[in-house]
Amino acid sequence: MGVTGANLALIADAADTAAQFVAVFVYVYSALIFVYVILSWIPQFPYSLSWLQRFLYDVCEPYIRIFRRFLPPIGPLDLSPLIAILALYLARLLINRVVIDHLH
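Here the structure is a predicted model, which is why all the values come from computation and not from measurement.

(A) Representation of the side chain of Ser 30 within the structure. Here Ser 30 is to be found in helix 1 (residues 2-40). The class of Ser 30 is buried, set by a relative accessible area of 7%. Setting aside residues no more than four positions away along its own chain, Ser 30 makes contact with Ile 85, Leu 88 and Tyr 89.

In structure tokens, the structure reads:
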């Protein structure tokens with residue numbers, strides 16, 4: 001195999017690891033956004049779980065706010081979380097295309 005083959009194997013392994021990290025990040029962040037949206041529909045959230053609502057607000061709202069600037073709510077319907085999740089998946093596909101395809 002040689003040194004060159006070993007180096008290429010390490011680079012390919014690092015690319016696979018980076019792609020897996022991005023995939024897990026996208027899945028977890030999408031789940032957090034989904035839970036944030038679902039919890040925003042509950043008007044009287046129990047005080048014992050208010051920390052969760054505050055955490056989700058602090059984590060998800062700055063990212064979703066980016067899309068609210070371009071896509072304001074349509075009546076009572078806010079599509080910005082859906083667009084935010086779609087952008088995450090598109091970014092994942094782009095990163096996988098660049099990292100995996102060019103390093104394999």
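(B) Spotlight on the side chain of Ser 80. Mapped onto the fold, Ser 80 is located in helix 3 (residues 80-103). Take Ser 80: its relative accessible area is 0%, and that puts it in the buried class. Among the polar contacts made by the side chain of Ser 80, one reaches the side chain of Asp 78 at a distance of 2.7 Å. Ser 80 has contacts with Ile 64, Phe 67, Arg 68 and Leu 71, leaving out every residue within four places of it along the chain.

(C) The arrangement of the packing of aromatic side chains in detail. In the structure shown here, the tally under the stated rule is five aromatic pairs. Consider the rings of Tyr 27 and Tyr 89, whose centres lie 6.1 Å apart with planes at 55°: the pair is tilted. One end of the pair, Tyr 27, is in helix 1; the other, Tyr 89, is in helix 3, with 62 residues separating them in the sequence. Judged by relative accessible area, Tyr 27 falls into the partly exposed class, the value being 44%.

(D) Representation of helix 2 (residues 50-70). Along its 21 residues, helix 2 runs 29 Å from first to last C-alpha, staying within 8% of the 30 Å computed at 1.5 Å per residue. Largest kink in helix 2: about 45°, centred on Glu 61, with the proline Pro 62 one to four residues after it. Within the sequence span of helix 2, burial applies to Leu 56, Cys 60, Glu 61, Tyr 63, Ile 64 and Phe 67.

(E) Layout of the nonpolar core. If you look at the biggest cluster of nonpolar residues, it comprises 15 residues, and the most contacted ones within it are Ile 33, Tyr 63, Ile 64 and Leu 88. Listing elements by their share of this core, those giving two or more residues are helix 1, helix 2 and helix 3. The element that contributes the greatest number of residues to this core is helix 1, accounting for seven residues. Those residues in contact with Ile 33 that sit more than four places away from it in its chain are Cys 60, Tyr 63, Ile 64, Pro 81, Ile 85 and Leu 88.

Cut-offs applied
Residues numbered from 1 in each chain as written. Predicted model: local features only at pLDDT ≥ 70, side-chain atom pairs only at ≥ 80, totals over all residues. Heavy atoms only, no water. Helix = DSSP H or I, 4+ residues; strand = E, 2+ residues; numbered from the N terminus. Buried < 20%, exposed > 50% of the residue type's maximum accessible area, 1.4 Å probe, protein only. Contact = heavy atoms within 4.5 Å. Polar contact = N/O pair within 3.5 Å; in protein donor to acceptor, adjacent residues only side chain to side chain. Phe/Tyr/Trp six-rings, centres within 6.5 Å; stacked < 30°, edge-to-face > 60°. Expected span 1.5 Å × (residues − 1). Bend = angle between axes of the 7 residues up to and from the residue. Core = buried A, V, L, I, M, F, W, Y, C linked by side-chain atoms within 4.5 Å.

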